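Chains, contacts and geometry: an overview
If you want the building blocks of each chain, they are given just below.
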Amino acid sequence: MEFKEEFLQKLKSAGSVVFFTGAGISAESGIPTFRGNEGLWKKFRPEELANFDAFIRNPGLVWEWYQYRRKIVEEAQPNAGHFAIAEMENYFDNVSVITQNIDNLHARAGSTKIYELHGNIERNYCIDCKTYYTHEELESSGSAPECRLCGGLIRPDVVWFGEPLPQNIFSAAENVARNSDICFVVGTSAVVYPAAYIPGAAKSGGSYLVEINIEPTELSYRVDYSIIGKSGEILPQILEKVKKLKNR
Ligand code: BV8
Ligand code: ZN
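For every chain, the first residue of its written sequence is number 1, and the numbers climb from 1 along that sequence. All chains are assigned letters beginning with A, and all ligands numbers beginning with 1, in the order in which they are written. Predicted model: local features are reported for residues with pLDDT of at least 70 only, side-chain atom pairs are reported and counted for 80 or more only, and whole-chain, interface and lining totals are derived from all residues. Note that the side-chain values use all heavy atoms of the structure and ignore hydrogens as well as water.

Quick notes on the environment of T99
For the purposes of this entry, the term helix denotes a DSSP run of H or I that reaches at least four residues, the term strand denotes a run of E that reaches at least two, and both are numbered from the N terminus. Position of T99 among the secondary structure elements: in strand β2 (residues 94–99). On the accessibility criterion, T99 (3% relative accessible area) is buried. As a C-alpha pair, T99 and A201 span 102 residues in sequence and 15 Å in three-dimensional space. Pairing of N or O atoms within 3.5 Å defines a polar contact, subject to two protein rules: one partner must be a possible hydrogen donor and the other a possible acceptor, and residues neighboring in sequence count only if both atoms are side-chain atoms. Side chain to side chain, T99 and T21 meet in a polar contact 2.8 Å long. Remark: exposure states derive from per-residue accessible area (1.4 Å probe, protein chains only) relative to the maximum for the residue type, with buried under 20%, exposed over 50%, and partly exposed in between.

Structure (structure tokens):
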């Protein structure tokens with residue numbers, strides 16, 4: 001694929017690069033997105049499952065939905081898009097991943113600077129005493145497991161609708177985006193806030209905004225460059241360009 005000259009110049013001169021990613025970057029790893037036609041929200045609406053009241057009302061149903069997603073995540077592998085982002089760390093002074101995903105695939109691909117805005121499905125904690133449990137430590141009897149220390153319900157360590165994002169992570173991520181030279185927006189419909197403020201923060205800091213998506217989104221009119229294609233195919237091509245431009 002040929003990329004526009006302005007973008008190639010930015011790649012050549014950039015020092016700090018941010019990748020703001022959503023479910024679309026993991027689609028080629030076999031993890032369903034939220035709003036796609038096989039989307040996770042197809043069977044259930046987010047309000048029904050990804051929120052605290054739903055969990056208190058029906059801990060078994062919500063826990064089982066996360067167990068189902070955890071199984072998909074465990075069987076999934078990072079794809080060429082995740083690996084390309086990880087490898088970019090060899091060619092820029094600073095590469096940060098700001099992800100909305102809870103699937104841990106960026107870490108498994110080798111990225112080292114990751115801001116998890118919505119938590120991580122591999123971690124769980126007791127809603128009463130906040131003790132953390134890995135999922136290996138939990139044998140769930142079909143309903144939500146109970147804390148060994150206090151008997152409280154254990155929940156996945158993810159940010160549900162109506163819950164605040166981890167403030168320190170969000171503000172650090174916003175800061176990194178604002179100070180970036182290029183901000184890639186990869187595989188996200190950019191409709192969930194406050195995470196969807198990240199590209200705007202990058203833009204207001206003078207960053208060059210590049211969207212990679214299989215279709216235009218609500219953000220497309222605001223980006224400097226909209227690349228239509230699969231992130232697992234586009235990102236490795238960008239990496240190849242970077243290697244030539246940085247002639248390493
Ligand atoms: C908050 C973790 C306040 C859990 C997620 C009413 C009540 C309460 C809140 C609200 C409300 N109305 C609005 C809000 C705010 C709400 C919100 O924004 N709602 C939206 C729906 C309007 N936000 C919140 O509730 C947030 N909290 O506001 O708290 C507060 C503040 C202080 C104190 C107390 C309270 C919390 C939001 C976090 C929710 N958690 N996930 C879990 O995963 O189970 S959201 C979840 O959906 C994701 O994490 C992600 O953030 C979000 C969007 O998903 P995407 O990643 O964009 O995926 P999607 O399927 O939408 O799109 C995929 C894209 O990829 C598509 O564009 C597709 O074209 C593309 N694609 C597909 N394949 C490929 C591809 N691209 C490239 N290559 C491919 N191969
Ligand atoms: Zn407890």
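What follows picks up the thread again.
A word on the side chain of T21
Looking at where T21 falls in the secondary structure, it is placed in strand β1 (residues 16–21). Polar contacts involving the side chain of T21 include one to the side chain of H106, which spans 2.9 Å. In what follows, a contact means two residues having at least one pair of non-hydrogen atoms within 4.5 Å. With sequence-adjacent residues up to four places away left out, T21 is seen in contact with I85, V97, I98, T99, Q100, N101, H106 and V186.

Some details on the domain arrangement of the protein chain
Marked domain ranges trace back to an automatic or database domain assignment. As assigned here, the protein chain comprises domain 1 (1–31 + 76–118 + 165–248) and domain 2 (40–75 + 120–158). For domain 1 versus domain 2, the distance between C-alpha centres works out to 29 Å. With 10 residues of domain 1 in contact, the opposing surface of domain 2 contributes 12 residues. Buried surface at the junction of domain 1 and domain 2, summed over both partners, amounts to about 840 Å²; 49% is from carbon and sulfur atoms. A simple way to read buried area is as the amount of 1.4 Å-probe accessible surface that goes missing from two parts once joined, with both sides added. If you sort the residues of domain 1 by the area they bury against domain 2, A76, I102 and E116 come out on top, with a joint share of 54%. Put simply, a salt bridge is a Lys or Arg side-chain nitrogen that is within 4 Å of an Asp or Glu carboxyl oxygen. If you look at where domain 1 meets domain 2, you find 1 salt bridge. A salt bridge links R123 to E116, with the shortest nitrogen-to-oxygen separation between them at 3.2 Å. In the scheme used here, Gly and all other residues not listed as nonpolar or charged are polar, with Ala, Val, Leu, Ile, Met, Phe, Trp, Tyr, Cys and Pro taken as nonpolar and Asp, Glu, Lys and Arg as charged. A class-by-class count of the residues in the side of domain 1 that touches domain 2 yields 3 nonpolar, 4 polar and 3 charged.

Quick look at empty space enclosed by the protein
Points on a 1 Å grid, built from protein atoms alone, make a cavity when a 1.4 Å probe fits but cannot get out and make a pocket when they are open with protein on both sides within 12 Å along at least 5 of 7 lines; residues with an atom within 4 Å of a point are the lining residues. Grid points are joined across faces, edges and corners, and a volume is the space filled by probe spheres set on the points. Counted under the stated rule, the structure contains 1 cavity of 30 Å³ or more. Considering only enclosed or pocket space, the largest cavity measures out at about 40 Å³ in volume. Lining of the largest cavity is provided by T99, N101, I102, D103, N104, L105, H106, A107, I114 and E116. Looking at the lining of the largest cavity, the elements that each hand over two or more residues are α8 (105–109) and β3 (114–116). Of the residues forming the lining of the largest cavity, the biggest block, 3 residues, is contributed by α8. Residue composition of the lining of the largest cavity, by class: 4 nonpolar, 4 polar and 2 charged.

Regarding the pattern of salt bridges
Inspection of every chain in the model, using the stated rule, returns 9 salt bridges. For K243, the salt bridge goes to E240, with nearest N and O atoms at 3.4 Å. Of this pair, K243 and E240 both sit in helix α11 (residues 231–245), separated by 3 residues, roughly a single helical turn. Residues joined by salt bridges that share partners form a network here, namely E87, E240 and K243.

Remarks on the coordination of the zinc ion (ligand 2)
The donor definition counts N, O and S atoms within 2.8 Å of each metal and applies 3.2 Å to Na, K and Ca; water is not among these atoms, so some sites may look incomplete. Here the zinc ion (ligand 2) is held by the protein donor atoms C126 (SG), C129 (SG), C147 (SG) and C150 (SG), which lie 2.2 to 2.3 Å from it. One can describe the site at the zinc ion (ligand 2) as tetrahedral: its 4 donor atoms subtend angles covering 100 to 117° at the metal. Spacing between the donor residues of the zinc ion (ligand 2) along their common chain follows C-x2-C-x17-C-x2-C. Taken together, the positions of C129 in the loop between β4 (119–126) and β5 (132–134) and C147 in the loop between β5 and β6 (154–158) put the pair 18 residues apart, joining distant regions of the chain. Here C129 falls in the partly exposed class, since its relative accessible area comes to 33%. Irregular is the default label, applied whenever a site is not tetrahedral (four donors, all angles between 85 and 135 degrees) and neither square planar nor octahedral (four or six donors, opposite donors over 155 degrees apart, all other angles between 65 and 115).

Considerations on the sheet that holds strand β8 (residues 208–213)
Strand pairing is assigned whenever DSSP identifies at least 2 bridges connecting the two strands. Within the open sheet, the 6 strands sit side by side as β3-β2-β1-β7-β8-β9. Their pairing is parallel. Each end of this open sheet is capped by a strand with a single partner; those strands are β3 and β9 (225–228). Sheet twist, expressed as the average angle between the axes of neighbouring strands with direction ignored, equals 15°. Bridging between β1 and strand β7 (residues 182–186) involves 5 bridges; their strand directions are parallel. Pairing of V18 across the sheet is with C183, part of β7. A fitted line through C-alpha atoms serves as each axis, taken over the contacting stretch for helices, and the angle formed by two N-to-C directions is quoted from 0 to 180°. Across the face of the sheet, helix α9 (residues 167–178) comes into contact with β1, β2 and β3 while running at roughly 135° to β3.

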